[in-house]
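The primary structure of each chain is shown beneath.
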Amino acid sequence: MEKSNKILEQIVKLLAQNEARISTNELTAEGDNLLDKAEREGDEASKKIQSSFDRIHDKLFTFNNMLIAAFLGLSKFPSDEPIFSLWAAILPIVNLIYLMLLEKWQMEIYRHASKRMQWNFTTDVQKYGQMINRQNLRSLLSIVTTFGLFVYLVVKILSY
């Protein structure tokens with residue numbers, strides 16, 4: 001009887017250890033699921049941010065093209081004393097070139113991000129963050145320059 005009690009006690013201990021392992025595995029799996037979910041949400045947020053930048057850049061391209069047309073048109077109108085000199089049309093053209101460079105830099109960020117599985121997580125993650133920060137400043141500069149050209153156009157028209 002005593003021998004069977006000892007065996008039963010050992011079985012109970014083993015079952016308790018097994019239960020502890022199972023609950024630890026469940027907690028670990030739950031934690032892994034939460035980490036995976038957070039990573040997916042982070043990736044999705046990053047994609048949405050990049051998509052927002054793309055939409056902003058597209059709108060700036062369109063608006064800048066309208067500015068080029070306005071500058072060129074007003075360099076010929078009125079024909080006796082145009083509002084702008086033809087050389088003033090270079091300003092929105094230079095801005096257009098900057099917007100094209102902005103798109104090139106954006107593609108470099110995409111290329112870098114596409115190689116995420118090959119990253120050295122100390123240097124490449126830091127490089128990615130720096131690329132994003134620089135792109136934010138460049139995008140802000142493009143917004144400011146395009147808006148500045150628009151203000152210049154309005155001021156020249158109103159002061160004519």
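Structure's up top.
Residues numbered from 1 in each chain as written. Predicted model: local features only at pLDDT ≥ 70, side-chain atom pairs only at ≥ 80, totals over all residues. Heavy atoms only, no water.

Visitor: I'm lost on the overall build of the protein in this one. Help?
Guide: The secondary structure content of the protein amounts to three helices and zero strands. Scanning the protein from its N terminus toward the C terminus, one meets helices and strands in the order α-α-α. Relative to the compact-globule value of 15 Å for 160 residues, the protein shows a C-alpha radius of gyration of 31 Å, a clear excess of over 25%. Structurally, the protein occupies a C-alpha span of about 120 × 30 × 15 Å along its principal axes. (Helix = DSSP H or I, 4+ residues; strand = E, 2+ residues; numbered from the N terminus. Rg over C-alpha atoms; globule rule 2.2 N^0.38 Å.)

Visitor: For this particular structure, what's the right way to read a positive patch on the surface?
Guide: Residues R111, K115, K127 and R134 make up a contiguous surface patch of positive charge. As for its placement among the helices and strands, R111 is situated in helix α2 (residues 90-114). Under the relative-accessibility criterion, R111 is labelled partly exposed at 49%. (Patch = residues over 30% accessible without salt bridge, like charges linked within 9 Å, V, L, I, M, F, W, Y side chains within 5 Å. Areas by Shrake-Rupley, 256 points an atom, 1.4 Å probe, with all protein chains shown as cover. Salt bridge = Lys/Arg side-chain N within 4 Å of Asp/Glu carboxyl O. Lys, Arg positive; Asp, Glu negative; His and termini not counted. Charge placed at Lys NZ, Arg CZ, Asp CG, Glu CD. Buried < 20%, exposed > 50% of the residue type's maximum accessible area, 1.4 Å probe, protein only.)

Visitor: What is the right way to read the nonpolar core from this model?
Guide: The nonpolar side chains of a soluble globular protein tend to be buried, and buried together. In terms of nonpolar packing, the biggest core is built from nine residues, these being L67, F71, L74, I83, F84, A88, A89, L149 and L153. No other element matches the three residues that helix α1 (residues 2-74) contributes to this core. Non-local contacts of I83, meaning those with residues more than four positions away in its chain, are made with L74, F77, P78, K156 and Y160. L60, F61, I68 and L96 belong to the second-largest nonpolar core, a separate cluster that totals six residues. (Core = buried A, V, L, I, M, F, W, Y, C linked by side-chain atoms within 4.5 Å. Contact = heavy atoms within 4.5 Å.)

Visitor: Just checking my understanding: could you explain the pattern of salt bridges for this structure?
Guide: Side-chain pairing between opposite charges can occur once the charged atoms of the two side chains come close. Taken as a whole and assessed by the stated rule, the structure comprises two salt bridges. With a shortest N-O distance of 3.4 Å, E44 and K48 are connected by a salt bridge. Here the residue E44 and the residue K48 both occupy positions in helix α1, the gap between them amounting to four residues, near one helical turn. As a salt-bridge pair, K104 and E108 come within 2.5 Å of each other at their nearest N and O atoms. A residue pair is termed a helical-turn pair when its members lie 3 or 4 positions apart in one helix, as K104 and E108 do in helix α2 at four residues. The partly exposed category is assigned to K104, whose relative accessible area is 42%.

Visitor: Explanation requested: unusual backbone geometry in the structure shown.
Guide: Negative phi characterises most residues that are not glycine, and trans characterises most peptide bonds. Of note, the bond from F77 into P78 is cis; its omega dihedral lies within 30 degrees of zero at -25°. Turning to its location among the elements, P78 is positioned in the loop between α1 and α2.

Visitor: Can you walk me through the environment of I132 in this structure?
Guide: Locating I132 in the fold gives a position in helix α3 (residues 123-158). With 23 residues separating them in the primary sequence, I132 and I109 have C-alpha atoms 7.4 Å apart. Beyond its immediate stretch of four places on either side in the chain, I132 contacts Q50 and I109.

Visitor: It is not clear to me how α1 should be interpreted in this structure. Could you clarify?
Guide: Because an α-helix packs 3.6 residues into every turn, residues spaced three or four apart end up facing the same way. In this model, α1 (73 residues) spans 107 Å end to end at C-alpha, consistent with the 108 Å of a helix rising 1.5 Å per residue. Within α1 the residues assigned to the buried category are Q50, F53, H57, L60, F61, N64, L67, I68, F71 and L74. (Expected span 1.5 Å × (residues − 1).)

Visitor: Is there a simple way to think about the packing of aromatic side chains in this case?
Guide: Aromatic ring pairs: the centre-centre distance and the angle between the two ring planes describe each pair. Scanning all chains against the criterion turns up seven aromatic pairs. Between the aromatic rings of F71 and F84, the centroid separation amounts to 4.5 Å while the plane-to-plane angle is 20°, which identifies the pairing as stacked. Here F71 is found in helix α1, whereas its partner F84 is found in the loop between α1 and α2, with 13 residues between them in sequence. When sorted by exposure, F71 lands in the same class as F84, which is buried. The rings of F71, F84 and Y152 are connected pair by pair, giving a single aromatic cluster. Sitting over the face of the ring of Y128, R116 holds its NZ or CZ atom 5.7 Å from the ring centroid. A cation over a ring is seen here: R138 above W105, with NZ or CZ 3.9 Å from the ring centre. (Phe/Tyr/Trp six-rings, centres within 6.5 Å; stacked < 30°, edge-to-face > 60°. Lys NZ or Arg CZ within 6 Å of the ring centre and 35° of its normal.)

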